Amino acid sequence: MRSGWIVLLLLSFPVLEAIGIFWVASAIGGWVLLWLLLAAIAGIMLIRVEGVAWGARLLFSVQSGANPLAAMFASGRILLAGGLLVFPGFISDAIALGLLLIPGTLAGRKRDPLRPANDDVPFPEPPPARGETPATIDGEFKREPDDRLG
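Residues numbered from 1 in each chain as written. Predicted model: local features only at pLDDT ≥ 70, side-chain atom pairs only at ≥ 80, totals over all residues. Heavy atoms only, no water.

Engineer: Would you mind going over helix α1 (residues 2-28) with me for this structure?
Structural biologist: Spanning 27 residues, α1 covers 38 Å between terminal C-alpha atoms, matching the ideal 39 Å at 1.5 Å per step. At S12, α1 shows its maximal kink, close to 35°; a proline, P14, follows between one and four residues later. Those residues of α1 lying buried are E17, G20, I21 and V24. Looking one or two residues beyond α1, the residue adopting positive phi is G29, at roughly 85°. (Helix = DSSP H or I, 4+ residues; strand = E, 2+ residues; numbered from the N terminus. Expected span 1.5 Å × (residues − 1). Bend = angle between axes of the 7 residues up to and from the residue. Buried < 20%, exposed > 50% of the residue type's maximum accessible area, 1.4 Å probe, protein only.)

Rendered as structure tokens:
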């Protein structure tokens, strides 16, 4: 019974998109064509850019020790949003914009003190406690000539 509703919703989606296009076109006129054209171009650009960037995103997540499924999910989300933008209609455009506004994997990434190059802001070193030796010892260095070492 549940699958019947899903099939009905999927089959009625293009009809709902067409009704939405006609309704918006009656309200604002020919600007609808410009919107649909720009949305399709934006969708194609998203798909092309993400097609190139997904490998680098996956490699970066593996190198940084993060879960590679999160990077694949982010790439899939962007590809799905691009496909929805290419599909003409305002409902699919709204769903695509919602997918693009979901926070990505970089916002939820935990900082790793062993890999400071992966963080945007380096960890500040805490000041040494009173009486404790600091981690870095300041001093002077003087090189001796080689003949004096032997």
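Additional details are given in the paragraphs that follow.
Engineer: Explanation requested: the pattern of salt bridges in the structure shown.
Structural biologist: Working definition: two side chains of opposite charge can pair if their charged atoms are close together. Scanning all chains against the criterion turns up one salt bridge. Across the salt bridge formed by E50 and R57, the nearest N and O atoms sit 3.1 Å from each other. When its relative accessible area of 4% is taken as the criterion, E50 is described as buried. Among the residues examined, R57 registers a relative accessible area of 26% and is labelled partly exposed. (Salt bridge = Lys/Arg side-chain N within 4 Å of Asp/Glu carboxyl O.)

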